[in-house]
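# A look at the structure
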Amino acid sequence: SRVLVLHGPNLNLLGTREPQHYGADTLAGINARLIERARARGVACDTFQSNAEHLLIERIHAAREDGTGFIVINPAAFTHTSVALRDALAAVDLPFVEVHLSNVHKREPFRHHSYFSDLAVGVICGLGARGYEFALDIALDSLAAH
Ligand code: DQA
């Protein structure tokens, strides 16, 4: 079984985008580390970023057919807005960890609510790009246990 890592809008700009919040790593660099970390444990890791809500939804639907056993998702701004993306995750019924690079709880109040957290296995925020690695480790442990 495979792990799918999903990145929402504007995360293609990582590395240059508000580095005080999001760090200096690029998305390509983060993805490469995740793919290698999964490969070292014999698991395929797919990554996908989109600025378009419907493409993220369709990628989640595809995960039901392609052998994905666990999802790691940073929904980015859709965290705070998207019932549709939430419903897609509920529909495919795959376990997921929600990741945010920044600590959303010490930022603006509109970032404090997530449409995903009550469905997630767990939520990681404020730990920068390492948060994805921690989430991936949980995904790999979960797949190994099943
Ligand atoms: C984010 C936090 C969101 O509030 C924001 O809209 C993002 C990125 C994070 O990774 O810290 O785009 O999900």
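Predicted model, so just to flag it, every value in this text is computed and none were measured.

Looking only at helices and strands, the chain features five helices and five strands. In the chain, the succession of helices and strands from N to C terminus is β-α-α-β-α-β-α-β-β-α. The C-alpha radius of gyration of the chain comes to 14 Å, within 12% of the 15 Å expected for a compact globule of 146 residues. In terms of its C-alpha atoms, the chain occupies a principal-axis envelope of roughly 40 × 30 × 25 Å. Looking at the chain as a whole, 32% of its 146 residues are labelled buried.

As recorded in UniProt, the feature "active site" (unreviewed entry) lies at Y22 and H100. For the annotated residues, spread through 79 residues, the largest C-alpha to C-alpha distance comes to 9.0 Å, consistent with a single compact locus. For Y22, the position within the fold is in helix α1 (residues 19–22). Classification of Y22 as buried rests on a count of 20 C-beta atoms within 10 Å. Each residue touching Y22, except ones within four places of it in the same chain, is listed here: L14, R17, L101 and S102.

On the basis of which strands lie adjacent, the open sheet formed by five strands has the order β2-β1-β3-β4-β5 and parallel pairing. Edge positions in the sheet fall to β2 (45–49) and β5 (122–125), since each has one partner strand and no second. Geometrically, the sheet is characterised by an average inter-axis angle of 20° between neighbouring strands, direction not taken into account. Together, β1 (2–7) and β2 form the strand contacts of helix α2 (residues 27–39), whose direction differs from that of β2 by roughly 160°.

Another point: the site of the ligand. Neighbouring residues of the ligand: N10, N74, A76, A77, T79, H100, L101, S102, V104 and R111. Its residues assigned to classes, the shell around the ligand shows four nonpolar, five polar and one charged.

A few words now on the nonpolar core. Within the largest apolar cluster, 34 residues are counted, with the highest numbers of intra-cluster contacts made by V3, V5, I71, V72, Y132, A135 and L136. Elements with a minimum of two residues in this core: β1, α2, α3 (53–63), β3 (68–74), α4 (83–92), β4 (96–100), β5 and α5 (130–145). Those residues in contact with V5, other than ones at most four positions away along the chain, are N31, L34, C45, T47, V72 and Y132.

A few words on the pairing of β3. With five of seven residues buried, β3 is to be regarded as a mostly interior element. Bridge count between β1 and β3: six bridges; the pairing is parallel. Looking at β3, one finds that L6 is bridged to I73. In terms of strand pairing, β3 meets β4 through three bridges, oriented parallel. Pairing of I73 across the sheet is with E98, part of β4. Traced from β3 through α4 to β4, the parallel crossover comes out right-handed.

Thresholds applied
- Along every chain, residues carry numbers that run from 1 in the direction the sequence is written.
- At least 70 in pLDDT is required for a residue's local features to be given in this predicted model, at least 80 for side-chain atom pairs to be given and counted, and no such filter applies to totals for whole chains, interfaces and linings, which use all residues.
- Under the DSSP-based scheme used, a helix requires at least four consecutive residues in state H or I and a strand at least two consecutive residues in state E, with every element numbered from the N terminus.
- The reference for a compact globule is 2.2 Å times residues^0.38; the radius of gyration itself is calculated from the C-alpha atoms.
- Comment: burial labels come from other C-beta atoms within 10 Å of the residue's own C-beta, placed from the backbone, where a count of 20 or more is buried, 12 or fewer is exposed, and between is partly exposed.
- UniProt positions are given in the numbering used here, feature names are shortened, and annotations may be inferred rather than shown by experiment.
- Placing C-beta atoms from the backbone, we regard two residues as in contact once those atoms come within 7 Å.
- At least two bridges found by DSSP between two strands is the condition for calling them paired.
- All axes are obtained by fitting lines to C-alpha atoms, using only the stretch in contact for helices, and the reported angles, taken between N-to-C directions, cover 0 to 180 degrees.
- Note on definitions: a residue is near a molecule or strand provided its C-beta atom, placed from the backbone, lies within 6 Å of it.
- Note on residue categories: nonpolar means Ala, Val, Leu, Ile, Met, Phe, Trp, Tyr, Cys or Pro, charged means Asp, Glu, Lys or Arg, and polar means any other residue, Gly included.
- Here a nonpolar core is just a set of buried residues of the types Ala, Val, Leu, Ile, Met, Phe, Trp, Tyr and Cys, joined wherever their C-beta atoms sit within 7 Å.
- By definition, the crossover connecting two strands over a helix is right-handed if that path, from the first strand to the second, turns clockwise as seen with the strands pointing away from the viewer.

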